[in-house]
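Coordinate inspection notes
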Amino acid sequence: MAYDEALAGRIRELLGDEPALTEQKMFGGLAFLVGGNMAVAASGQGGILVHVDPLEGAELIAATRAEPMVMRGREMKGWLRVDTADVADDGELAEWVGRGVAYAASLPAK
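How each quantity is defined
- Residues numbered from 1 in each chain as written.
- Predicted model: local features only at pLDDT ≥ 70, side-chain atom pairs only at ≥ 80, totals over all residues.
- Heavy atoms only, no water.
- Salt bridge = Lys/Arg side-chain N within 4 Å of Asp/Glu carboxyl O.
- Helix = DSSP H or I, 4+ residues; strand = E, 2+ residues; numbered from the N terminus.
- Buried < 20%, exposed > 50% of the residue type's maximum accessible area, 1.4 Å probe, protein only.
- Core = buried A, V, L, I, M, F, W, Y, C linked by side-chain atoms within 4.5 Å.
- Contact = heavy atoms within 4.5 Å.

1. Things to note about the pattern of salt bridges
Applying the stated criterion across every chain yields a total of three salt bridges. We note a salt bridge from Asp90 to Arg10, for which the minimum N-O separation is 3.0 Å. Residue Asp90 is found in helix α3 (residues 90-106), and its partner Arg10 is found in helix α1 (residues 5-14); the two are separated by 80 residues along the sequence. By relative accessible area, which is 53% here, Asp90 ends up exposed. A relative accessible area of 23% places Arg10 in the partly exposed class. Arg12 is paired through a salt bridge with Glu23; the nearest N and O atoms lie 2.7 Å apart. A residue pair is termed long-range when its members are at least 10 positions apart, and Arg12 in helix α1 and Glu23 in strand β1 (residues 21-26) qualify at eleven residues.

What follows is the structure in structure tokens.
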């Protein structure tokens, strides 16, 4: 499954003036990087992937409908999967994108 181009466009609009923003195809989707660090991606499996502080990941999983990202059978700490239905609202998408951007911006640039 290809990533949802409309969802990628909505993410792009939210990130329009973000400094040091780049886009890169990865994980079968389109990732948005800040300073070379992935912040959020339109996933090739639907929905979005969000990179958050690993210490906050478990809290977000418990408090929201986000799920841990699993790659090759392993749960990836600090990486969350959010279903398309859970980012249908622009405000919800903006919250997740904001979380990803805040964490990516806190990391050293690559």
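Still to come is the rest of the account.
2. Side note on the nonpolar core
Formed by 24 residues in total, the largest nonpolar core has its most connected members in Ile11, Val40, Ile48 and Trp96. Contributing elements (two or more residues each) for this core: α1, β2 (29-34), β3 (37-42), β4 (48-51), β6 (74-82) and α3. Not counting residues within four places of it along the chain, the set of residues in contact with Ile11 comprises Phe32, Val40, Ala41, Ala42, Ile48, Leu93 and Val97. Grouped together as the second largest cluster of nonpolar side chains are seven residues, Leu33, Met38, Leu49 and Trp79 included.

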